[in-house]
Amino acid sequence: MSPVQTAVTAVLTEKFEVSPERIRPEATLESLDLDSLALAELGLLLQEQLGVRVEEDATAKRSTVGELVAALNAKRARQGIS
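Residues numbered from 1 in each chain as written. Predicted model: local features only at pLDDT ≥ 70, side-chain atom pairs only at ≥ 80, totals over all residues. Heavy atoms only, no water.

### Details of the overall build of the protein chain
The secondary structure content of the protein chain amounts to three helices and zero strands. Listing the helices and strands of the protein chain from first to last along the sequence gives α-α-α. A compact globule built from 82 residues would reach a C-alpha radius of gyration of about 12 Å, and the protein chain, at 11 Å, matches this within 12%. Once the C-alpha set of the protein chain is aligned to its principal axes, its extents read approximately 35 × 25 × 20 Å. For the protein chain, the separation between the mean place of its 9 positive charges and that of its 13 negative charges on side chains is 5 Å. (Helix = DSSP H or I, 4+ residues; strand = E, 2+ residues; numbered from the N terminus. Rg over C-alpha atoms; globule rule 2.2 N^0.38 Å. Lys, Arg positive; Asp, Glu negative; His and termini not counted. Charge placed at Lys NZ, Arg CZ, Asp CG, Glu CD.)

### Quick look at the side chain of arginine 76
Structurally, arginine 76 can be placed in helix α3 (residues 65-78). Buried charge arginine 76 goes without a salt bridge, the closest partner of opposite sign being glutamate 48 at 13 Å. With residues up to four places along the chain from it excluded, the contact list for arginine 76 reads Pro3, Val4, Leu50, Val52, Ile81 and Ser82. (Buried < 20%, exposed > 50% of the residue type's maximum accessible area, 1.4 Å probe, protein only. Salt bridge = Lys/Arg side-chain N within 4 Å of Asp/Glu carboxyl O. Contact = heavy atoms within 4.5 Å.)

### A short note on unusual backbone geometry
With a phi close to 55°, glutamate 17 is a non-glycine residue in the positive phi region. Structurally, glutamate 17 is set in the loop between α1 (3-14) and α2 (36-50). The exposure class of glutamate 17 is exposed, given its relative accessible area of 70%. Positive phi, normally seen in glycine, also occurs at aspartate 33, with a value near 65°. Along the polypeptide, aspartate 33 turns up in the loop between α1 and α2. For aspartate 33, a relative accessible area of 63% translates into the label exposed.

### Quick look at the side chain of threonine 64
In this fold, threonine 64 is placed in the loop between α2 and α3. Leave out the neighbours within four places in its chain, and threonine 64 touches Pro25, Glu26, Ala27 and Thr28.

### Brief notes about the environment of glutamate 48
Position of glutamate 48 relative to the elements: it lies in helix α2. For glutamate 48, a relative accessible area of 64% corresponds to the exposed category. Sequence-wise, glutamate 48 and isoleucine 23 are 25 residues apart; in three dimensions their C-alpha atoms are separated by 21 Å.

### Topic: α2
Turn by turn, an α-helix covers 3.6 residues, leaving residues three or four places apart pointing in a common direction. With 15 residues, α2 extends 21 Å from end C-alpha to end C-alpha; this agrees with the ideal 21 Å at 1.5 Å per step. Every buried residue of α2 is listed here: Ala38, Leu39, Leu42, Gly43, Leu46 and Leu50. Each buried residue of α2 lies within a common arc of 140° when the element is viewed along its axis, so the set occupies one face. The exposed set on the far side of α2, more than 90 degrees from its buried face, consists of Leu37, Leu44 and Glu48. For α2, the elements touching its buried residues are α1 and α3. For α2, the N-terminal capping position is held by aspartate 35, with its side-chain oxygen 3.2 Å away from the main-chain nitrogen of leucine 37. (Expected span 1.5 Å × (residues − 1). Arc of directions from axis to C-beta. Polar contact = N/O pair within 3.5 Å; in protein donor to acceptor, adjacent residues only side chain to side chain.)

This is how it looks when you write it as structure tokens:
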């Protein structure tokens, strides 16, 4: 599991109380019962943990967990963060 995937899973389970079984790459953030405020908070928490700016479109309701992880992995790679 990549550091990004670990961080996303940890934030979703610890802060938003999403059961780990529901956190699959194809699951949308909306299907995990995250509202607009929760999505904004998710972005901020991930930004703090990962050290990269999390764009609003990365945490859109229709974004999947897999898309979010891929976008953040790519951003970290571009910035030279492993």
